[in-house]
Structures are given as structure tokens and as C-alpha cells.
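For reference, the chains in residue letters:
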Amino acid sequence: NVSSENEFHIIAFSIPLVSQLELFLGILLIYLMAVLGNLTIIFLACLVPKLHTPMYFFLCNLAILDVASTSTSIPKMLAITLTQNHRISFSGCITQMYFFIMFANGEMFILTSMAYDRYAAICKPLQYCIIMRKNVYITISVSCWLFGALNSLSHTLLLSVLQFCHSHEINNFFCDLNTMISLSSSDITSRKVFMYFEVAIIAIVQFMLIIISYTFIFSTVLKIRFSAGRMKAFSSCTSHLITVILFYAPIIILYMKTESEDSKEQDKFLSMLYLVVVPMLNPLVYSLRNKDVWEAVVTLI
């Protein structure tokens, strides 16, 4: 393939040099906070026996995916901002895109699995230990990673055979699938159809499954007679619901809005939002609103 010998040029952010230094420091700080916060969640979930439950097992997987997904693109973007070297090889771009899609899909599946876990805990409390046995939630987690890897592989294989003759300018800060397809000089109709089909199947279906789970959860919680019991049930799933909103809101805005040249910079900042800001907020959401996490920290100390 002739395209495998090409190099691409990541434009990143079109801002003055002084502002780029400020952007570099700001994103570096947020990135380090995201990595540190999620690593803390992972260590707590592994080291504290009290957190060896299905909910925290899925939370540990979510933290790993957050660290991995933000690390696929942010270090390269920081290097571009600092060195002004915007080049990336075709193989490097394909590799970055593969892991980004894999981790993003895996996060969607894990969020859906967490919604099912909360449904089983609140709607079927007497059967919860049977429904969410250890081998069951481990199998669910492995399936999330496997489906994400296979779906990402299909996209990257289809993209790798395309020709890129007209332009090598990636108007983004990472190798995004939609941007890469639009750069190709080959017939991309089938790839576009496949991409939108995959988005509909994965993103929309997963989001609807979460909505259905919470419909049953809220219906069950409202039947609880005592307000203390209702508050306890709500608090056990509020953190997950906030995480779902933080993850899906930027994606829905980004992919549902109309494309235009004027909105490219806005698209980059929306991508930055769910790639860096959301992974930073997730540990805060689960730690500030969760007594178990605070007790785990005190136990380790």
C-alpha cells in the first residue's frame, strides 16, 4: 500500500505560540490529575478487600480505560505543542486510532455493565449475589474488552487499505476515524455507512440499555416506603449516572452537530473534554460521593 509510506501532519490547535504554552501547561496538569486519580481508584479497588465487589471491579476497569484512552492521544498532542513537530507516520496514526477506538468502545460497554450491576443490586437484591457471581462479572468485563478490540480492528483494517493522495493535513489533535476517512482519496461511501452503522449499534444501543436499566431502577426506588431507603438506593447509582452523562454528553454534541469549517476548533475542544476532563472528573465523582472509597483510603493510611 502506497499510503503506508506516507506521513501525516497533525494541525492540533491553531492558536498563538504564547497561548500554546499556556494550553500545554493546562492540559498537562489536567492529564496528570486524571492519571493520578484513576490510578488511585485502581490501587484502592485492588488492595482493599472491602472494595472487592462487582461494582468496584467494573469501576477499576473504567479507571484503566480512562487512563489508557487519554494516554493514546494526549502525550502526542503535548509533544506537538512543545516541539512544534506535527508529523506522525501512517503506522503511528493507525496504531493511535486503533487503541483510541478500542478503549472508547470498551468504556461504553463497561458503563452499560455498571448500569446492569446497579439494576441487579436495586431491583433484584435477594438474587444479586447469584446474578453477579465472580465468574459472571469477570466474563462480562473480558467481553467488553474483547468486543472493543474486535470492533476497533475492523475499523482500522478498512482504513488501512485506503489511499491518501490529496491531503495529509489532519485538522485535529489526534488521528480521529471520521477525520481520517474524510482525507482519503478512495471511495469512502461504504466506510461511511459502516461507521454510522457501528455508531448506531454501539453508542446508541448501549445508551438506550443504560436508560432502560435506570427506568427500572427509578421505578423500584420510588416504591420504597421510607425516604432513608430511597436516598440510600439513589446514592448507590448517582455516581454512575453522573459518569454516564459526563461521557455521553460531549460525544452526542460532537457527532450530532452539523460539520463546518468554523466549528473545527469547537470540535477539538469537545474532543478534549471527553478525552481529558471527563477522565479527570470520574475519580472525583466516585470519591467525593462515596463513603466506601474514603473508608478505603483511611484503611490504607
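What counts and how
Residues numbered from 1 in each chain as written. Predicted model: local features only at pLDDT ≥ 70, side-chain atom pairs only at ≥ 80, totals over all residues. Heavy atoms only, no water. Axes fitted to C-alpha atoms, helices over the stretch in contact; angles between N-to-C directions. Helix = DSSP H or I, 4+ residues; strand = E, 2+ residues; numbered from the N terminus. Parallel < 35°, antiparallel > 145°, perpendicular 65-115°, else oblique. Left-handed = near helix turned anticlockwise from the far one by under 90°. Contact = heavy atoms within 4.5 Å. Phe/Tyr/Trp six-rings, centres within 6.5 Å; stacked < 30°, edge-to-face > 60°. Salt bridge = Lys/Arg side-chain N within 4 Å of Asp/Glu carboxyl O. Buried < 20%, exposed > 50% of the residue type's maximum accessible area, 1.4 Å probe, protein only.

Caption draft 1: Seen up close, the packing of helix α3 (residues 90-123) against helix α7 (residues 189-222). Relative orientation of the contacting elements α3 and α7 amounts to 15°, with a least axis distance of 9 Å. Between α3 and α7, the interaxial angle falls into the category roughly parallel. Where α3 crosses over α7, the two elements pack in a sense that is left-handed. Residues Asn105, Met108, Phe109, Leu111, Thr112, Ala115, Tyr116, Arg118, Tyr119, Ile122 and Cys123 of α3 form the contact with α7, whose own contacting residues are Ile202, Ala203, Gln206, Leu209, Ile210, Ser213, Tyr214, Phe216, Ile217, Thr220 and Val221.

Caption draft 2: Representation of the packing of aromatic side chains within the structure. Applying the stated criterion across every chain, the model contains 15 aromatic pairs. With a centroid separation of 5.0 Å and 50° between ring planes, the pair formed by phenylalanine 173 and phenylalanine 174 is classed as tilted.

Caption draft 3: Region of interest: the pattern of salt bridges. Under the defined criterion, the tally for this structure stands at 2 salt bridges. With a closest N to O distance of 3.9 Å, glutamate 7 and arginine 87 form a salt bridge. Linking glutamate 7 in strand β1 (residues 7-10) with arginine 87 in strand β2 (residues 87-89), this pair joins segments that are 80 residues apart in sequence. What makes glutamate 7 partly exposed here is its relative accessible area of 42%. The partner of aspartate 117 in a salt bridge is arginine 118, with the nearest N and O atoms 2.9 Å apart. The buried category is assigned to arginine 118, whose relative accessible area is 9%.

By themselves these figures say nothing about function.
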